[in-house]
Structure formats: C-alpha cells, structure tokens
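# Examining the three-dimensional arrangement
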Amino acid sequence: MDICILNSGFGSRLKRYTEHAPKGLVPLDEEETLLSRQISLLNSLGAHRYAITTGYLHETIPAYVNEKFPSLDVSYVYNEAYASTNYIESLNRLAGSFDDEVILMHGDLVFSPDIAQKILSARDNIVIIDTTLPLPEKDFKARVRDGKVVEIGIDVFGADCYACQPLYHLTKDFWNAWQKEISRFCREGNDKVYAENALNIMLETTTLKPLDAAGDLCMEVDNEEDLIIARKKVGNKS
C-alpha cells in the first residue's frame, strides 16, 4: 500500500508549537508526535511505502523519521513554494509516485486503530465522514447523495452534508485521474485552492463513497483546543 502524508504547511494556528518544528512534529505525549503516531499505527497493520510532502523546515521531517523509523520505506517531496501555494501544489509534485492503491491523509490527523484498519482494508474509493458531529464552520464538509460523495469543501452546507476528514482510500485509477485534474489546475495557476476543488470536478462522473466514523476518533489538529482534545483521546486510548 502506498501512503501519502501531507506535511508541507506551517500550521499557523499552532504557532506556539510550530515555531521551530513542522506541524507534524507537534507532540501528542512524551513518546509520540502527530506524524510518528500515524506511522506507528499504520505500520502495526502492515508494511507500506510512504511518501511525505515537506515544505516549512523541510529538513526536520526526514531527520526525525530516519531516526525514529530507520527501516521505513519512505520518500520525500519538497514543495519550496509551500508559503504561497495550497497543498494542491504538493500533490502536483507527487505525479508518478504511486504504483498501487493510495491512502492519502493530512499530517495533522489523529485517528483510532479501528479507523486505520477500515481505511486500509477498504476496496472502494472512500473518504471519512462523521454523521454524529455538528457541521464545522471552517473545516471540510462532504455532500452525500444516494450513498456517494458529490462535493467536498469548507463552504459546503446543507441537510445532506456531514463533517469530513481528509483521510482517503483511493484506487490507482482514481488517484491517477485526480492527479491529472490537480496538474491541470496547477498549470493554469490555480495552486492556491484546495486539491478537493479538482476532486469535485471528478465527482460529477466518478464514485467516491463515504465511510462513517460514527463518533470514533478521527480529527484534525488545527489549533491548541484541538490539540488538547486529541491528547486526551489518545491518552484514553480512544
């Protein structure tokens, strides 16, 4: 399985923790960071190939991973334009990187072992939603119709919308099609938008299914309040 972890951004809402380290290296406890917990959990469920995008303080992530996971099969893709582009540009630079199904996730995600198992064992193209949560004001929502995700974005609202986490299982064909749309966006100068803008064009003709976390742990750590919640949940082994 190919696993892509996006770690290019600065994490400005966690500035107290990211002044000297990328967001993925923010500690969850004395032993684990956001990134190390992701890798440790996924490795406990099988052997994988990793591609990690970097940007802000880009040298620190390879050094950290090489020390903590010296035998990890990992490559790094540096986006030096991280400060002026969205992660769509980091994904654009991953063209041709994957030979298999892809697990795509943001580097600030914290999720349970059950969620990890479900995403790894999926056979369809899926993204995580949670029907138990209120719609977030500024974070991703997914519009779901007839059992299919038809739109993902931060400005997506309505009775058919649900909280959505950027954790995907994608077939090789689906990823290649999305990559083509991503590359087209970037060629046309649309590199400051979310990669999901390109995805939404695909969803007019391609099937992406929702996987309901249903209250299980799967959350982004965007700010200090999120970090406090994540640390408590991880400490409780949620």
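A brief structural summary. Because the structure is a prediction, the values reported are computed rather than measured. (Residues numbered from 1 in each chain as written. Predicted model: local features only at pLDDT ≥ 70, side-chain atom pairs only at ≥ 80, totals over all residues. Heavy atoms only, no water.)

## Remarks on the environment of R37
On the secondary structure map, R37 appears in helix α2 (residues 34-43). On the accessibility criterion, R37 (15% relative accessible area) is buried. Between the C-alpha atom of R37 and that of D124, which follows or precedes it by 87 residues, the distance is 25 Å. In terms of polar contacts, R37 uses its side chain to reach the backbone carbonyl oxygen of F111, at 2.6 Å. (Helix = DSSP H or I, 4+ residues; strand = E, 2+ residues; numbered from the N terminus. Buried < 20%, exposed > 50% of the residue type's maximum accessible area, 1.4 Å probe, protein only. Polar contact = N/O pair within 3.5 Å; in protein donor to acceptor, adjacent residues only side chain to side chain.)

## Topic: helix α5 (residues 113-121)
Restricting attention to buried positions, one finds in α5 the residues I115, A116, I119 and L120. Seen along its axis, α5 keeps its buried residues to an arc of 125°; they face one direction. (Arc of directions from axis to C-beta.)

## Comments concerning the packing of aromatic side chains
Counted according to the given criterion, the structure contains seven aromatic pairs. Taking 5.1 Å as the distance between ring centres and 65° as the angle between the ring planes, the aromatic pair formed by F140 and Y194 counts as edge-to-face. Taken together, the positions of F140 in the loop between β6 (126-130) and β7 (141-145) and Y194 in the loop between α6 (172-187) and α7 (195-202) put the pair 54 residues apart, joining distant regions of the chain. By relative accessible area, F140 is classed as buried at 5%. A centroid spacing of 5.4 Å and a plane angle of 65° characterise the contact between Y168 and W178, whose relative ring orientation is edge-to-face. Taken together, the residues span a long stretch of sequence, with Y168 in strand β9 (residues 161-170) and W178 in helix α6 at a distance of ten residues. Per residue, the accessibility class of Y168 equals that of W178, and both read buried. (Phe/Tyr/Trp six-rings, centres within 6.5 Å; stacked < 30°, edge-to-face > 60°.)

## Focus on the pattern of salt bridges
For side chains of opposite charge, pairing can occur when their charged atoms come near one another. Counted by the stated rule, this structure contains 15 salt bridges. We note a salt bridge from D108 to K23, for which the minimum N-O separation is 2.7 Å. With D108 in the loop between β4 (102-106) and β5 (109-111) and K23 in the loop between α1 (15-18) and α2, this pair connects stretches of sequence that are 85 residues apart. One exposure class covers both D108 and K23, and it is buried. The shortest N-O distance in the salt bridge between R93 and E80 comes to 2.7 Å. With R93 in the loop between α4 (87-92) and β4 and E80 in the loop between β3 (74-78) and α4, this residue pair connects regions lying 13 residues apart in the sequence. A single salt-bridge network, built from bridges that share partners, covers R13, K23, D108 and D222. (Salt bridge = Lys/Arg side-chain N within 4 Å of Asp/Glu carboxyl O.)

## Observations regarding the packing of α6 against α7
It is at 9 Å that the axes of α6 and α7 come closest, and there the two elements cross at 120°. Relative to α7, α6 is oriented oblique. Where α6 crosses over α7, the handedness of that crossing is right-handed. Contact residues: F174, A177, W178, E181, I182, R184 and F185 in α6; A195, E196, N197, A198, L199, I201 and M202 in α7. (Axes fitted to C-alpha atoms, helices over the stretch in contact; angles between N-to-C directions. Parallel < 35°, antiparallel > 145°, perpendicular 65-115°, else oblique. Left-handed = near helix turned anticlockwise from the far one by under 90°. Contact = heavy atoms within 4.5 Å.)

## Brief notes about α6
Because an α-helix packs 3.6 residues into every turn, residues spaced three or four apart end up facing the same way. Compared with the 22 Å implied by 1.5 Å per residue over 16 residues, the 22 Å span of α6 between its first and last C-alpha is a close match. Of the positions making up α6, those classed as buried are F174, W175, W178, Q179, E181, I182, S183, F185 and C186. Tucked inside the fold, the buried residues of α6 contact α4, β4, β9 and α7. Just beyond α6, the residue with positive phi is G189, at close to 85°. (Expected span 1.5 Å × (residues − 1).)

None of the figures reported here should be taken as evidence of function without further support.
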